[in-house]
Amino acid sequence: MFSLSGRTALVTGSSRGLGHAIAEGMAQAGASLVLNGVDKARLKQRAKGLREKGYTVHEAAFDVTDEAAVLAAFTKLDEDGIDVNILVNNAGIQLRKPLVDISIDDWNKVINTNLTSSFLVGREAARRMIARGRGGKIINIGSLTSEAARATVGPYTTAKGGIKMLTRAMTAEWAEHGIQANAIGPGYMATEMNKALLENPSFDAWVKGRTPARRWGQPNELAGTAIFLASSASDYVNGQIIYVDGGMLAVL
Ligand code: NDP
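Conventions and cut-offs
Residues numbered from 1 in each chain as written. Predicted model: local features only at pLDDT ≥ 70, side-chain atom pairs only at ≥ 80, totals over all residues. Heavy atoms only, no water. Helix = DSSP H or I, 4+ residues; strand = E, 2+ residues; numbered from the N terminus. Rg over C-alpha atoms; globule rule 2.2 N^0.38 Å. Buried < 20%, exposed > 50% of the residue type's maximum accessible area, 1.4 Å probe, protein only. Contact = heavy atoms within 4.5 Å. Areas by Shrake-Rupley, 256 points an atom, 1.4 Å probe, with all protein chains shown as cover. Pairing = 2+ DSSP bridges. Right-handed = clockwise from strand over helix to strand, strands pointing away. Core = buried A, V, L, I, M, F, W, Y, C linked by side-chain atoms within 4.5 Å. Near = heavy atom within 4 Å. Polar contact = N/O pair within 3.5 Å; in protein donor to acceptor, adjacent residues only side chain to side chain. Nonpolar A, V, L, I, M, F, W, Y, C, P; charged D, E, K, R; others polar. Axes fitted to C-alpha atoms, helices over the stretch in contact; angles between N-to-C directions. Expected span 1.5 Å × (residues − 1). Parallel < 35°, antiparallel > 145°, perpendicular 65-115°, else oblique. Left-handed = near helix turned anticlockwise from the far one by under 90°.

Teacher, can you tell me more about the overall build of the protein here?
Across its full length, the protein carries eight helices and seven strands. For 252 residues, the compact-globule formula gives about 18 Å, and the C-alpha radius of gyration of the protein, at 17 Å, lands near that figure. Reported as C-alpha extents along the three principal axes, the dimensions of the protein are approximately 50 × 40 × 35 Å. Residues counted as buried form 50% of the 252 residues belonging to the protein. Sequence-distant contacts, at least 24 apart, represent 74% of the contacts inside the protein between residues at least 6 apart. Total accessible area on the protein is roughly 11600 Å²; 53% of this is exposed by carbon and sulfur atoms.

In structure tokens:
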């Protein structure tokens, strides 16, 4: 029920961080991978690492915010006969500034990378899934900020709130084609994106005090939920966002 063998998963932003851990978990469950990032050298090196573990890994370096690049990447996958039937929209960036100091360029960059990219890549994946008639799985990566705001991360909060509703919009139109679109909302995870926070003793203490599990999450702790949402075990789960957060959202 949880096997992903015979399936191919494109995980955006999988050259490091949570995306890489999700991709590796899916490979362990039997999926072939399409790894993505913008830094080609890093992508190549991380893909090599997974191949050395025996997994089937393709590379697709493209900027998820660039429509022409997204279209070109899917055209190349089509030419190579690679059918993406699992998509994880994971690529994302953070920018910490008070709203009053945010320029329109900052705002657009965060919204484009964290929200519009999921529409763009999701649209190309879904067009193909619908045409093939065999359904598919789309997993969007939200955040605790899909539910709750926090000072200094305004555009990110706005984008991640949008991810929750984009997941429902995808469900409204694509569920009838056998595509299950769901989301994962990670809590505070120990990744590069949070390096400054991890190294800040008072923020580290706040995360540990505020999280019922009393610790940061590890990237590989998202893999189980991602595998569930990518497998036939979730074939009647549509439009949901599952929080993997050590209980943070459940308590005041
Ligand atoms: P990292 O900064 O560790 O990794 C980001 C990844 O996204 C890299 O692979 C990077 O590629 C890629 N990326 C960034 N911009 C683009 C782009 N324009 N096109 C293609 N790839 C891009 O981030 P995390 O692993 O921490 O975060 C992953 C996701 O999880 C994000 O959506 C984030 O918002 C979300 N999240 C993270 C949490 C956390 O605690 N870390 C908590 C909640 C949600 P490259 O290496 O080439 O730069």
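Sorry if this is basic, but what is going on with the pairing of strand 1 (residues 8-11) here?
A regular strand carries its side chains on alternate faces of the sheet. Of the two faces of strand 1, the one carrying Thr 8 and Leu 10 and the one carrying Ala 9 and Val 11 are both buried. Inspection of the sheet shows strand 1 paired to strand 2 (residues 32-37) by four bridges, in the parallel sense. Note on strand 2: the bridge partner recorded for Leu 10 is Val 34. Pairing of strand 1 with strand 4 (residues 86-89) involves three bridges; the strand directions are parallel. Residue pairing across strands places Val 11 opposite Val 88, the latter belonging to strand 4.

Help me understand the pairing of strand 3 (residues 57-61), please; the structure alone is not making it clear to me.
As defined by bridge partners, strand 2 adjoins strand 3 across five bridges and the pair is classed as parallel. Opposite Leu 35, over in strand 3, you have Glu 59 as the bridge partner. Chirality of the crossover, the property in question, places the unit of strand 2, helix 2 (residues 40-52) and strand 3 among those that are right-handed.

Please clarify how the nonpolar core should be interpreted in this entry.
In globular proteins that are soluble, nonpolar side chains generally tend to be buried together. Counting 28 residues, the largest nonpolar core has Leu 4, Met 26, Leu 33, Leu 35, Val 88, Ile 139 and Ile 184 as its most contacted members. Broken down by secondary-structure element, the contributors of at least two residues to this core are strand 1, helix 1 (17-28), strand 2, helix 2, strand 4, strand 5 (136-141) and helix 8 (223-230). With five residues, helix 1 is the largest single contributor of residues to this core. If near-sequence neighbours (up to four positions away) are discounted, Met 26 is found in contact with Leu 4, Ala 9, Ala 31, Leu 33, Ile 86, Val 88, Ile 139, Ala 226, Ile 227 and Ala 230. If you look at the next biggest cluster of nonpolar residues, it comprises 27 residues, including Val 34, Leu 87, Leu 115 and Trp 174.

Where do I start with the site of the ligand in this structure?
Taken together, 32 residues surround the ligand, and among them Arg 42, Asn 90, Tyr 156, Thr 191 and Asn 194 come closest. At a separation of 2.8 Å, an oxygen atom of the ligand approaches a polar side-chain atom of Arg 16. Contact with the protein chains removes 93% of the 900 Å² of surface that the ligand exposes when unbound. Broken down by secondary-structure element, the contributors of at least two residues to the shell around the ligand are helix 1, strand 2, helix 4 (104-132) and helix 5 (154-174). Taken together, the residues that form the shell around the ligand break down as 11 nonpolar, 15 polar and six charged.

When you look at helix 8 in this model, what are you seeing that I'm missing?
The periodicity of an α-helix, 3.6 residues per turn, causes residues three or four places apart in sequence to face the same way. Across the eight residues that make up helix 8, a large majority, six, are buried. Those residues of helix 8 that fall on the buried side of the exposure criterion are Ala 223, Thr 225, Ala 226, Ile 227, Leu 229 and Ala 230. Buried residues in helix 8 make contact with helix 1, strand 4, strand 5, strand 6 (179-186) and strand 7 (241-244).

What should I look at first to understand the sheet that holds strand 1 in this one?
Backbone hydrogen bonds are what pair the strands of a sheet, in a parallel or an antiparallel way. With parallel pairing, seven strands are arranged side by side in an open sheet as 3-2-1-4-5-6-7. Two strands bound the open sheet, and with one partner strand each, they are strand 3 and strand 7. Each strand axis lies, on average, 20° off the axis of its neighbour in the sheet, ignoring direction. Packing against the sheet, helix 2 makes contact with strand 2 and strand 3, and its axis sits at approximately 170° to strand 3.

Before we go on, may I ask you to explain helix 1 in this structure?
Taking 1.5 Å per residue, 12 residues should reach 16 Å; helix 1 reaches 17 Å between its end C-alpha atoms and fits that length. Counting buried positions over the 12 residues of helix 1 gives 10, a clear majority of the element. Within helix 1, the full set of buried residues consists of Leu 18, Gly 19, His 20, Ala 21, Ile 22, Ala 23, Glu 24, Gly 25, Met 26 and Ala 27. Immediately downstream of helix 1, the backbone of Gly 30 shows phi near 110°, a positive value.

Would you mind going over the packing of helix 1 against helix 8 with me for this structure?
Helix packing geometry: the angle between the two helix axes and the distance between the axes. Where helix 1 meets helix 8, the closest approach of the two axes is 9 Å, and the angle between their N-to-C directions is 55°. Judged on the interaxial angle alone, helix 8 and helix 1 are oblique. Our pair here, helix 1 against helix 8, has a crossing hand that is right-handed. Only Ala 223, Ala 226, Ile 227 and Ala 230 of helix 8 make contact with helix 1, whose side of the interface consists of Ala 21, Ile 22, Gly 25 and Met 26. When its residues are assigned to classes, the contact of helix 1 with helix 8 shows seven nonpolar, one polar and no charged.

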